[in-house]
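# Examining the three-dimensional arrangement
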Amino acid sequence: MIIFPAIDIKGGQCVRLYKGDFATAQKVAEDPFETALSFKKSGAEWVHMVDLDGAKKGERVNSDIFLEIAKNSGLKVQLGGGIRDMGSLEYYLSRGIARCVIGSAAIKNPEFVRQAIKEFGDRVAVGIDALNGMVAAEGWLEVSEISFIEAAKRMEGMGVSTIIFTDISKDGTLEGPNYAQLSQLSNSVSCNIIASGGVRNLGHINGLANLRLYGAICGKAIYSGTLNLSSAIVAAEPERLFRKSELIPAIIQDDNTGQVLMLAYMDIEAFKRTLKTGTTWFWSRSRREYWNKGATSGNTQQVVSIYADCDNDSLLVRVIQKGNACHTGAYSCFFKEIKPKED
């Protein structure tokens, strides 16, 4: 599953909305380009961008920002907002934007979608935004009488390969994705599904990955600090970590001090349990069973972030440690200093 960190632009600024309400726009970063570079540094390959002004006006508004990021950030840009005619598609796709998202126009002008798919193929996606299961349009200011499933089937019939689905009631809330609607959508059409709205933490990323979706858009969670982007990218495709071995070492580190606390082993099930619960789970090689750190002692480890090494065959897990990490009663398992022999 691909993680798409999000940058929404209103008045040239990086903002986030709450449930699609333009009146709730809140600035979340100083500079769009520097924000994109930080995503690239964290391991992202794509960035999802939205022209909020364009969505409201039905035309290109902040195009210079999007084109600069597409040209100079090293990220592939997926762009939506105000793209309602072939001229806008041609403008963006001929200037470096990797994929454009048709939103409101997909419902109101299906012929535009057919023409866009014929001309640009999978470089065009369709955004389906729903409120109470019904499709919303015009920057979420109007709600139609078309269900999100019906809309998706119409798009599939026109040859659309990628659908971005947003449950507006979840957008910007950090309350978790609408797994039920996403599962229903994924089972109803053959299109690639990108989930948008509600993601807060690694557990939510794990839940979306378990639905085997194509992608997930993460915005507010990254800006608010409840989701580490590098960790989300690792969590989105856990299988790649266990291609060389079914069991890999996990180095546990105190997030506050940087002190290494312990080393244990995870298989893919232990890794998924860690993501789901937000606490560390391991596989015991001696007892041949899973164990949750602190389940009996109370010395729990709350996961802050997870990093894979350069070869994707070991993990660094940064945690908030409660009590001592070592079974001997020491705070860290690494307390036996070995000094080199002096000549």
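Residues numbered from 1 in each chain as written. Predicted model: local features only at pLDDT ≥ 70, side-chain atom pairs only at ≥ 80, totals over all residues. Heavy atoms only, no water.

Here we have four strands laid out as an open sheet, ordered S14-S13-S18-S17, and mixed in their pairing. Either end of the sheet is taken by a strand with one partner, and the two such strands are strand S14 (260-266) and strand S17 (301-308). Averaged over all pairs of adjacent strands, the angle between strand axes in this sheet comes to 25°, irrespective of strand direction. Judged from the five bridges that link them, strand S13 (residues 248-254) and strand S18 (residues 315-321) form a sheet pairing that is parallel. Considered in S18, the bridge of Gln-253 is made with Arg-318. (Pairing = 2+ DSSP bridges. Helix = DSSP H or I, 4+ residues; strand = E, 2+ residues; numbered from the N terminus. Axes fitted to C-alpha atoms, helices over the stretch in contact; angles between N-to-C directions.)

Position of Asn-62 relative to the elements: it lies in the loop between helix H2 (52-57) and helix H3 (63-72). The class of Asn-62 is buried, set by a relative accessible area of 9%. In this structure the side chain of Asn-62 is engaged in a polar contact, spanning 3.3 Å, whose partner is the backbone nitrogen of Gly-12. Not counting residues up to four positions away in its chain, the partners in contact with Asn-62 are Ile-9, Gly-11, Gly-12, Asp-51 and Asp-53. (Buried < 20%, exposed > 50% of the residue type's maximum accessible area, 1.4 Å probe, protein only. Polar contact = N/O pair within 3.5 Å; in protein donor to acceptor, adjacent residues only side chain to side chain. Contact = heavy atoms within 4.5 Å.)

Take the pattern of salt bridges next. Taken as a whole, this structure holds nine salt bridges when the rule is applied. A salt bridge links Glu-111 to Arg-114, with the shortest nitrogen-to-oxygen separation between them at 3.5 Å. Separated by three residues within a single helix, Glu-111 and Arg-114 lie in helix H6 (residues 110-120), roughly one turn from each other. For Glu-111, a relative accessible area of 47% corresponds to the partly exposed category. Look at Arg-114 and you get partly exposed, because its relative accessible area is 41%. The salt bridge involving Asp-255 is made with Arg-318; its shortest N-O contact spans 2.8 Å. Of the two residues, Asp-255 is situated in the loop between S13 and S14 and Arg-318 in strand S18; the sequence distance between them amounts to 63 residues. (Salt bridge = Lys/Arg side-chain N within 4 Å of Asp/Glu carboxyl O.)

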